[in-house]
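# Residue-level structural notes
For reference, the chains in residue letters:
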Amino acid sequence: MMSRPASGQAPGSTGLPDLARRAFARATLALAGTMALRPAFAQPAPVPTDWNRPAFEAKTAAEAIRQLGSSAPATSRDIQIDIQDVVENGARARIEVHSRIPGTQALSILTDNNPQPLAATFTFAAGIDPYASTLLKIAESGPVRVIVQAGGRLYAATREVRVTLGGCG
Amino acid sequence: MSTIRMSARMRQDHADVRALLTHPMETGTRRDAKGQLVPQHFIQRVQISHNGKVVMDVQCSQGLSRDPFFGLRVRGAKPGDRIGLAWLDNRGARDSAEVAVSAA
């Protein structure tokens, strides 16, 4: 922040008595505290940096799904995947996903034939529609999978997609 | 200039939120004009908030398109409510923006 850490100053460099210096440090910290709070009203809190590296860097859909928490998710008809059967531009394939499984907490989208199949995991706050829409890269024709996490279990649905022009380059 | 273009409009009982981000989303497998591999460069995290509370949290990869798009539905939102979006990429770059929900 603005003030240098006290430990970085030579002893007695401020010329203030020890007690006064400590009081000043406390006041500075308190001020820093209020300043740190203020941006919360102006803009969202910083995005956390956690990222499921083992799942995202998995080379196969099966391994990515295992990293999401299950080797054998149950197939569900309550996961709706809206994507064109024939995608002309694999660089920008629109997909909409909706889960009707009660208690859905998160949904993940995987493109089997991409070098790293897991594209995204969406996690929803309680009461928020488990719906997400995004644009995928699809390297070549093959399955697009959605894995839903609900009540500590995983569920799966799959759509076969044909791609005219592959979208990884 | 902001990397975020976002709209939030009321549709029945929810706000329809659409956000288009400007980002190369490099896969790490593409070669430039000189034949050199272009390093991976992609958004890893996105959070969308409603009146300051996170409603959708995204972890993502280079498997999303260049200039990625995110759409969601925020049930219970009202006109004038604030919808925020913040992203973070694999190099630590970040951006955020906020819009007000507009009536249908």
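For clarity, every value in this text was computed on a predicted model and none was experimentally measured.

## So, the overall build of chain A
- When helices and strands are counted, chain A shows four helices and nine strands.
- The order of α-helices and β-strands along chain A, N terminus first, is α-α-α-α-β-β-β-β-β-β-β-β-β.
- Looking at the 169 residues of chain A, the share that counts as buried comes to 39%.
- Considering only residue pairs separated by 6 or more positions, chain A has 66% of its internal contacts joining residues 24 or more positions apart.

## A closer look at the overall build of chain B
- Per the secondary structure count, chain B includes zero helices and seven strands.
- Helices (α) and strands (β) of chain B occur, in sequence order from the N terminus, as β-β-β-β-β-β-β.
- The dimensions of chain B, computed from C-alpha atoms along their principal axes, are 50 × 25 × 20 Å.
- Here chain B holds 104 residues, and the buried ones make up 52% of them.
- Nonlocal contacts in chain B, meaning residues at least 24 apart in sequence, comprise 55% of its contacts between residues at least 6 apart.
- Carbon together with sulfur atoms contributes 50% to the accessible area of chain B, which is approximately 4,800 Å² in total.
- Placing the 16 positive and 10 negative side-chain charges of chain B at their respective mean positions leaves the two points 2 Å apart.

## What to know about helix 4 (residues 61–68) of chain A
Residues and elements named next belong to chain A.
- Within the sequence span of helix 4, burial applies to Ala61, Ala64 and Ile65. Each buried residue of helix 4 lies within a common arc of 100 degrees when the element is viewed along its axis, so the set occupies one face.
- Of the surrounding elements, those touching the buried residues of helix 4 are helix 3 (53–56), strand 5 (104–111), strand 6 (118–124), strand 8 (142–150) and strand 9 (153–165).

## Quick notes on the interface of chain A and chain B
- Taken together, the contacts link 37 residues of chain A with 39 residues of chain B.
- Here chain A packs against chain B, burying approximately 3,300 Å² in sum over the two surfaces, 50% of which is carbon and sulfur.
- Scanning the region where chain A abuts chain B turns up two salt bridges.
- Residue Arg75 of chain B pairs with Asp129 of chain A through a salt bridge whose shortest N-O separation is 3.3 Å.

## Notes on the pattern of salt bridges
- This model, assessed by the stated rule, comprises 11 salt bridges over all chains.
- Salt-bridge contacts for Arg18 of chain B lead to Asp16 of chain B; the nearest nitrogen and oxygen are separated by 2.8 Å.
- A single network of salt bridges, built from pairs that share partners, joins Asp50 of chain A together with Arg45 and Asp57 of chain B.

## Comments concerning the sheet that holds strand 4 (residues 93–99) of chain A
- Pairing is antiparallel in the open sheet, where six strands are placed in the order 2(A)-4(A)-7(A)-5(B)-2(B)-1(B). The open sheet is flanked by strand 2 (79–82) of chain A together with strand 1 (4–11) of chain B, the only strands paired with a single partner. For this sheet, the mean inter-axis angle between neighbouring strands, taken without regard to orientation, is 15 degrees.
- Across four bridges, the pairing between strand 2 of chain A and strand 4 of chain A is antiparallel. Among the inter-strand pairings, Ile79 of chain A is bridged to a residue of strand 4 of chain A, identified as Ser99 of chain A.

## So, the nonpolar core
- In terms of nonpolar packing, the biggest core is built from 66 residues, with Ile79, Phe122 and Leu136 of chain A together with Leu21, Val46, Val74 and Leu85 of chain B touching the most fellow members.
- Of the residues forming this core, the biggest block, six residues, is contributed by strand 9 of chain A.
- Residues in contact with Val46 of chain B, not counting those within four places in the same chain, are Leu21, Met56, Asp57, Val58, Phe70, Leu85, Ala86 and Trp87 of chain B.

## A closer look at the side chain of Thr111 of chain A
Residue and element names in this part refer to chain A.
- The topology assignment puts Thr111 in strand 5.
- Judged by relative accessible area, which is 1%, Thr111 ranks as buried.
- Aside from chain neighbours lying at most four places away, what touches Thr111 is Pro117, Leu136, Lys137, Ile138, Pro143 and Val144.

## Description of the confidence of the model for chain A
- When pLDDT is averaged along chain A, the result is 83; 73% of the residues meet or exceed 70.
- Scored below 50 in pLDDT, residues 1–15 of chain A makes eight contacts in the model with residues more than four places away or belonging to other chains.

## Quick word on the environment of Gln40 of chain B
- The residue Gln40 of chain B is located in the loop between strand 2 (14–21) and strand 3 (43–50) in this model.
- Overall, Gln40 of chain B belongs to the partly exposed group, its relative accessible area being 31%.
- Put simply, Gln40 of chain B and Arg94 of chain B are 54 residues apart on the chain and 16 Å apart in space, counted from C-alpha to C-alpha.
- Here Gln40 of chain B is in contact with Gln116 of chain A together with Glu26, Thr27, Gly28, Gln62, Asn90 and Arg91 of chain B, once residues within four sequence places are set aside.
- Side-chain polar atoms of Gln40 of chain B contact the backbone oxygen of Thr27 of chain B, separated by 3.2 Å.

Rules used throughout
Residues numbered from 1 in each chain as written. Chains lettered and ligands numbered in written order. Predicted model: local features only at pLDDT ≥ 70, side-chain atom pairs only at ≥ 80, totals over all residues. Heavy atoms only, no water. Helix = DSSP H or I, 4+ residues; strand = E, 2+ residues; numbered from the N terminus. Buried < 20%, exposed > 50% of the residue type's maximum accessible area, 1.4 Å probe, protein only. Contact = heavy atoms within 4.5 Å. Areas by Shrake-Rupley, 256 points an atom, 1.4 Å probe, with all protein chains shown as cover. Lys, Arg positive; Asp, Glu negative; His and termini not counted. Charge placed at Lys NZ, Arg CZ, Asp CG, Glu CD. Arc of directions from axis to C-beta. Buried area = accessible area lost by both parts, 1.4 Å probe. Salt bridge = Lys/Arg side-chain N within 4 Å of Asp/Glu carboxyl O. Pairing = 2+ DSSP bridges. Axes fitted to C-alpha atoms, helices over the stretch in contact; angles between N-to-C directions. Core = buried A, V, L, I, M, F, W, Y, C linked by side-chain atoms within 4.5 Å. pLDDT = per-residue confidence, 0-100. Polar contact = N/O pair within 3.5 Å; in protein donor to acceptor, adjacent residues only side chain to side chain.

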